[in-house]
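Residues per chain, in single letters:
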Amino acid sequence: MNPIQPIDGTALERTVAGALAEDAPWGDITSNTLIPADASATAELAAREPGFFSGGPVLTEVFRQVDPSVQVDLKIEDGADFAAGEVLAVLSGNARAILLGERVALNLVQRLSGIATQTAAFVAEAAGTGARLVDTRKTTPGLRALERYAVRCGGGHNHRYSLSDAVMAKDNHLAVLTADGTRDLTEALRAAKAKLPHTVHFEVEVDRAEQIEPVLAAGVDTIMLDNFGLDELRAGVRQVAGRALVEASGNVRLETVGAIARTGVDIISSGALTHSVRSLDLGLDIRISAESAGRVAARAAGGEAASS
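This write-up is about the structure you can find in this document. Not measured: the values here are computed from a predicted model.

Looking now at the overall build of the chain. Across its full length, the chain carries eleven helices and twelve strands. On C-alpha atoms alone, the chain measures out to a radius of gyration of 25 Å, which is more than a quarter above the 19 Å that the 2.2 N^0.38 rule sets for 308 residues. When its C-alpha atoms are laid out on the principal axes, the chain stretches across 85 × 40 × 25 Å. For the chain, the proportion of its 308 residues judged to be buried stands at 46%. Counted over contacts in the chain with a minimum sequence separation of 6, partners at least 24 positions apart contribute 71%. Within the structure as shown, the chain displays about 14,900 Å² of accessible surface, and the carbon and sulfur contribution to it stands at 52%.

Structure representation (structure tokens):
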């Protein structure tokens, strides 16, 4: 397995902090009421269905922020597949801390593993074609850095991260650009491209075959064939003939991605990698030590004062 580009640390820390603040803004009143402050526990993150794992750094960061003394022992690497019933990680430490971080950790790791699993299925369908599977900006607001990491864990690749990273002229941009009727498409795109540093990637979306030549004449780096049929994609690849990268987009689903990849396109972008993914069913099963269990029982019987 190739090394996976890591999650941006700042984005990870910020996302986890926000999730914890949302879930326990004034602490965990239930655990603080029921569980002794010094109770310890062990918890296993277990798979209830097969899939591909993503979220080791997330799991670690959640409990680093909750209580750095909680030990997180990952049993699987991000990007690896797992079977139902497999233990993916073991947590040990303060019981209150594990209970406080449980839901945030599960929500994030289940979501990311769902994305990795979906991406791996898409990648498998396109295997052997040379087409690169990439995500889109159809991500959950606030979770983009994590969700795009999960795509990489599934063997996919990332498109531009944001509107600030690269030029992507889509149909609405082109409509505005040529609205006054004084310039043709090639001229308008060339003038726009001339404003850019040479390091900025320039991509243009087309939705009709007759747009291909005018766009290529402007010297773009990538041409996106949007919602083209399979025969149209094959014809488009032949027409471009290596003068730019060819990206296919639109109607890309698990049932269609293999056929799209076999048309010869270089890139296939799909919002389905992130926007409509089902979180995987993972569970965090807690075992409390015998000593801690005794203290909990004593508290329940009124033999121990509540710890704050």
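Another aspect to go through is the packing of aromatic side chains. All chains considered together, the criterion is met by zero aromatic pairs. Lying across the ring of Y161, R144 places its NZ or CZ 5.9 Å from the centre.

This brings us to the sheet that holds strand β11 (residues 267-269). The strand order across the open sheet built from six strands is β6-β11-β10-β9-β8-β7, with neighbouring strands paired in parallel fashion. Two strands close off the open sheet at either side, each with one partner strand: β6 (132-134) and β7 (167-169). Averaged over neighbouring strand pairs, the angle between their axes works out to 25 degrees when direction is ignored. Sheet topology note: the β6/β11 ladder contains three bridges and is parallel. Within β11, the residue paired with L133 across the bridge is I268.

Let us now look at the nonpolar core. L45, I223, I268 and L282 are the most contacted members of the largest nonpolar core, which totals 78 residues. Among the elements that line this core, the one with the most residues is helix α4 (residues 95-125), at twelve residues. In contact with L45, other than residues within four places in its own chain, are F53, L59, E86, V87, L88, A89, L106, V109, L282, G283 and L284.

At a closest axis distance of 10 Å, the pairing of helix α1 (residues 9-23) and helix α3 (residues 56-66) adopts a crossing angle of 60 degrees. As the angle between them shows, α1 and α3 are arranged oblique. For the element pair α1 and α3, the recorded crossing hand is right-handed. Residue-level contacts link L12, E13, V16, A17 and L20 of α1 to P57, V58, E61, V62, R64, Q65 and V66 of α3. Of the residues assigned to the contact of α1 with α3, the class counts are eight nonpolar, one polar and three charged.

This part covers the pattern of salt bridges. Considering all chains together, one arrives at 15 salt bridges under this definition. For R208, the salt bridge identified is with D207, shortest N-O distance 3.2 Å. Because the salt bridges share partners, they merge into one network encompassing E13, E61 and R64.

Moving on, we come to the environment of I76. Take I76: it is sitting in the loop between β3 (71-74) and β4 (81-82). Taking C-alpha positions, I76 is 8.3 Å from G56, a pair spaced 20 residues apart along the chain. Setting aside anything within four residues of it in sequence, one finds I76 in contact with F53, D81, F82, E86 and L88.

This part covers unusual backbone geometry. A positive phi is found at N227, a non-glycine position, where the angle reads about 55 degrees. Structurally, the position occupied by N227 is in the loop between β9 (222-226) and α9 (230-240). A residue is classified by how much of its surface remains accessible, and N227, at 52% relative accessible area, is exposed. You will see that A241, though not glycine, has its phi angle at about 50 degrees, which is positive. Residue classification places A241 among the exposed positions, given a relative accessible area of 56%.

It is worth spelling out the sheet that holds strand β5 (residues 87-94) at this point. The pairing of strands in a sheet comes from backbone hydrogen bonds and takes either a parallel or an antiparallel form. Within the open sheet, the four strands sit side by side as β3-β5-β1-β12. Their pairing is antiparallel. Strands at the two margins of the open sheet, each flanked by one partner only, are β3 and β12 (282-288). With direction set aside, neighbouring strand axes in the sheet form an average angle of 15 degrees. Pairing geometry for strand β1 (residues 40-47) and β12, over seven bridges, is antiparallel. By the bridge assignment for β12, L45 is matched with L284. Seen against the sheet, α3 touches β1, β3 and β5 and runs at an angle of roughly 170 degrees to β3. Each of β1, β5 and β12 is contacted by α4, which is oriented at about 165 degrees to β12, the strand it contacts most.

Rules used throughout
Residues numbered from 1 in each chain as written. Predicted model: local features only at pLDDT ≥ 70, side-chain atom pairs only at ≥ 80, totals over all residues. Heavy atoms only, no water. Helix = DSSP H or I, 4+ residues; strand = E, 2+ residues; numbered from the N terminus. Rg over C-alpha atoms; globule rule 2.2 N^0.38 Å. Buried < 20%, exposed > 50% of the residue type's maximum accessible area, 1.4 Å probe, protein only. Contact = heavy atoms within 4.5 Å. Areas by Shrake-Rupley, 256 points an atom, 1.4 Å probe, with all protein chains shown as cover. Phe/Tyr/Trp six-rings, centres within 6.5 Å; stacked < 30°, edge-to-face > 60°. Lys NZ or Arg CZ within 6 Å of the ring centre and 35° of its normal. Pairing = 2+ DSSP bridges. Axes fitted to C-alpha atoms, helices over the stretch in contact; angles between N-to-C directions. Core = buried A, V, L, I, M, F, W, Y, C linked by side-chain atoms within 4.5 Å. Parallel < 35°, antiparallel > 145°, perpendicular 65-115°, else oblique. Left-handed = near helix turned anticlockwise from the far one by under 90°. Nonpolar A, V, L, I, M, F, W, Y, C, P; charged D, E, K, R; others polar. Salt bridge = Lys/Arg side-chain N within 4 Å of Asp/Glu carboxyl O.

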